[in-house]
Amino acid sequence: MEKMKNEKMPKAPKAPKVKKAKASKYPEWYIGRPKPMKTKTWEWHKPTAKFYVGLGIVLAIVGFITYIVIRLINVSHLTDAFIKPYEHAEEMPETYVLENDKLRFEMDVKTTQFSVLQKDNGHVWYSNPVDVDSDPIALVKEKNNMKSTFLVKYSTENGVDNVYDTYTYSIKRDFFDVKKSANEITVDYTISQMEREFKYPLAIYEEDMDEYLEKMSKADQNVITKRCYRLVDIDNLKSSDNEAELRRKYPGLEDDNLYLIFNPLNSYLKVQCESIFEKIGYSDEDYLRHRELYKEVNEKIEPAFCITVSYKLDGNDLIVDIPYDKILYRHTFPIVQLSVLPYFGAGGTSSEGYMLVPEGGGAVINFNNGKTRQNNYYADVYGWDYGSDRSAVVTETRAAYPVFGLASENSGFVSIIKNGAEYAGINAEIAGKLASYNYIRADYKMIHGEQFEVSSRNTSAQYSYEKSLPAGERITQIYRFINSNSYVDMAKAYRNYLFANEKKVNNEETPLAIELVGAVDKVQQVAGVPKTKPYKLTDYSSAASIINEVENMGIKNVSYKLSGDINGGIRQQNLKKFKFIKQLGGKSGFKKLIKDTQNTSAKLYLDASTQFAHRSSASTGFNKYRDAARFASDEIAELSEYSKIWYGKLDTRDTYFFLNPKAINKASDVLAKNASKYGLAGISYRDNGYVLGADYNDDDVISRANVCKQQVGKMQEAKDMGLKVMINAGNDYAVKSADFVTNVIFHGNDYAIIDYEVPFYQIALHGYKNYSGSPINLSYENEQLILESAETAASLYFTFIEESERKLQETYYTEYYAACFDTWKDKLETIYKEYDKNLSCVKNATISDHKYLNDTVTLTSFDNGNKVYVNYGYVDYVTDSGIRIPARQYKVQQGGRL
């Protein structure tokens, strides 16, 4: 204690001095983190732009890998449908019959082949050739195809296609059923090589089985628990059990006891077991869930398909209906094409007849024409699906109408696709190639797929497919029988179908269509920098002058298509925003155009593209991730121009985008709203009614059929607003809503297999719709197109610009090489007035007959008694009655006088 007293007490520590805070040399976002080491060789720096670029690259790579993984599991994550083969009753009648006062339909129940008798003339049509087995050139596979009522093409995830026929894979295996009601026969097909699959649990947890057992009778319980299943308890195994093997195969045994089906199980017990579970409501979903627990055998999964078809009679019509909801398939083997009645009405080598194909206005392929070295005929109904990519374009195979026909002896039929036309292609083949029969049919695209590249190092092809068929859709194909072999009667039958209860046109003068092209895009120098800008061809003031000048010629019934007047010109930016072109006069100039022409008889149609976006960006309201459609590979639908020389994609041309239906509908609304706002007579769709494409975006697939309905709906909305509608080419689903159809294809591709062309579509249209071919002045031969128009009294169509053709140099628009109005105005007046003078008498009439007087001279008759002769040849032609038709001219016979 003493010692402690003598020691000095320590001084209290002084409070630390508060130093003035110094500015930190570290950025504010780094404060609070460990200070970096101080060395002579390293010093902290704020991340540079290179750092962020590198980070972006890493994230992009991660995103790409994630995308590829998702695409690769696109099929595997889908649950396959349970496919139980259809079975028919052991005792069935030999035939089923449908009958009315026009037709008798008789089906052989054992083969599902059938015949159709036309009562008016006694002609019999067969679903399949009757003497296939004696065909001297057909191989076994082709013979089996000809014995089939359907052909199914399926694919794999590697894009390998194969075809199953119903004869080999359904009829011979007894995988089908036939039922008849009062006025309908229904056939259910299962098409597969698979063994019979029974619907009962192969493995099931004890707890789940107990729930099922409670629903069964005592007798059924005994069958299930004593004769069909064994209960496995991992803690109480038999001496013969291999515990390690059971644990490996059935890890679920760690959680609960499992009932396992006896393997093998006698066939009669399989049937009994399935029947017991069916009685208590055991579902397909239950089966597929329980199948995942069963690993006793490695089942080989075979391609398998179920299809249901019904047949009905209605007057002269045989109606074939196939609902999509009844089509089943395994997702590992997607069904990509279905051929319906592929050999119906097929003609043999001794048969006389022809096939009508929808090429251009129509074309004929004669039976046995000997052109066995030529490709078969094929055309996509409504053209290419722009929701699908293509690496090259050799030629566009398109048909504006879903119709084909066949004539044999004194009879014929025309087949009209009522539902499912959006997926159809028309296929025709002559005898002498694979078999001794001539046939024509519709092939339907089903599940759409797209090849995508995983990486440059992976050389194997990978394919991505739609998840399912469009819900609620169906294929409905009408076979309308006629009592003649005339393509004119076929066209009349189609006309009656297309324009049932529609009013005929009532023109006071022969209709005329004139397109005025406002602007195109061209690379121009802006302050020494090349930039793509609108390039004036016809400003708004010049357009008004042309319209007034045509009016002063005395030409009154003119519909003007104002093209390239908005959103950058012909290769138009997306139409989310509406913008007049400054180089043409802007908004005020367009208003003056309307004012300067309001006292004329002109009908002005504002033309625009609603489905494509050229040179579009955020400044035009475009976002490709939001507004563009998607291919089946989920890639954005970015399209290219194609070379006319080597047919591939042109890397030197700008790409553009195909829009999704939501963006297309918005563009249609913008077009109609502004046409109405500025007091125009109507709108002209550059692509609606001509281009038809689906959107295969996984998040919201919009099928081609639904897009078709939306296009028609938007046209009807425009009509309800008091606007007229003009369309291009004239897909038949759109012609009812159209007031004028331009660019109808009179003559299609000159395929070598075709024998001659006929005006099938024009016969159906004339008298009910105003239509024209392509522009007279832009045609490869003006005289030829005038003759083609005169043959069916079609309207005339011209395209003009105000500027000289020299202005088109160094642009991609050389198709307007002969469009200068000043050069053509005198010819326009002469051609139109002569045409109107001669053909005005049939401008509202329907066509009653058409025939070839020789290879180059045609005669068209109208329902008011007038006739038109056209001589396409280079020598004069004299008819049997002494009428001379000069070479390369047409003549009109009115009331018996020329």
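Refer to the structure presented above.
Residues numbered from 1 in each chain as written. Predicted model: local features only at pLDDT ≥ 70, side-chain atom pairs only at ≥ 80, totals over all residues. Heavy atoms only, no water.

Examining the overall build of the chain
Here is step 1: When helices and strands are counted, the chain shows 19 helices and 47 strands.
Here is step 2: Out of the 898 residues in the chain, the part that is buried amounts to 54%.
Here is step 3: Restricting to contacts in the chain with at least 6 residues of sequence separation, those with at least 24 account for 69%. (Helix = DSSP H or I, 4+ residues; strand = E, 2+ residues; numbered from the N terminus. Buried < 20%, exposed > 50% of the residue type's maximum accessible area, 1.4 Å probe, protein only. Contact = heavy atoms within 4.5 Å.)

Structural notes on the environment of Glu757
Here is step 1: Along the polypeptide, Glu757 turns up in strand β39 (residues 756-757).
Here is step 2: There is a polar contact of 2.3 Å between the side chain of Glu757 and the side chain of His747. (Polar contact = N/O pair within 3.5 Å; in protein donor to acceptor, adjacent residues only side chain to side chain.)

Remarks on the sheet that holds strand β9 (residues 203-205)
Here is step 1: Sheet architecture is open: three strands sit in the order β9-β11-β10, paired in antiparallel fashion. Of all the strands in the sheet, the pair left with one neighbour each is β9 and β10 (229-232). Here the average twist between neighbouring strands, direction ignored, is 25°.
Here is step 2: The pairing of β10 with strand β11 (residues 258-261) spans four bridges and is classified as antiparallel. Bridge pairing links Arg230 to Leu260 in β11.
Here is step 3: On top of the sheet, helix α6 (residues 218-228) reaches β10 and β11; it is set at about 70° to β10, its chief contact. (Pairing = 2+ DSSP bridges. Axes fitted to C-alpha atoms, helices over the stretch in contact; angles between N-to-C directions.)

Examining the pairing of strand β2 (residues 103-108)
Here is step 1: Across the two faces of β2 the burial differs, with Leu103, Phe105 and Met107 buried and Arg104, Glu106 and Asp108 not buried at all.
Here is step 2: Here strand β1 (residues 95-99) runs beside β2; their pairing, made up of five bridges, is antiparallel. Note on β2: the bridge partner recorded for Thr95 is Asp108.
Here is step 3: Joining the antiparallel neighbours β1 and β2 is a turn of three residues.
Here is step 4: Bridge analysis of β2 against strand β3 (residues 114-118) gives five bridges, and the strand direction is antiparallel. Residue Leu103 lies in a different strand from β3, and its bridge partner there is Gln118.
Here is step 5: The turn joining β2 and β3, which pair antiparallel and follow one another in sequence, is formed by five residues; a positive phi near 65° is taken by Thr112.

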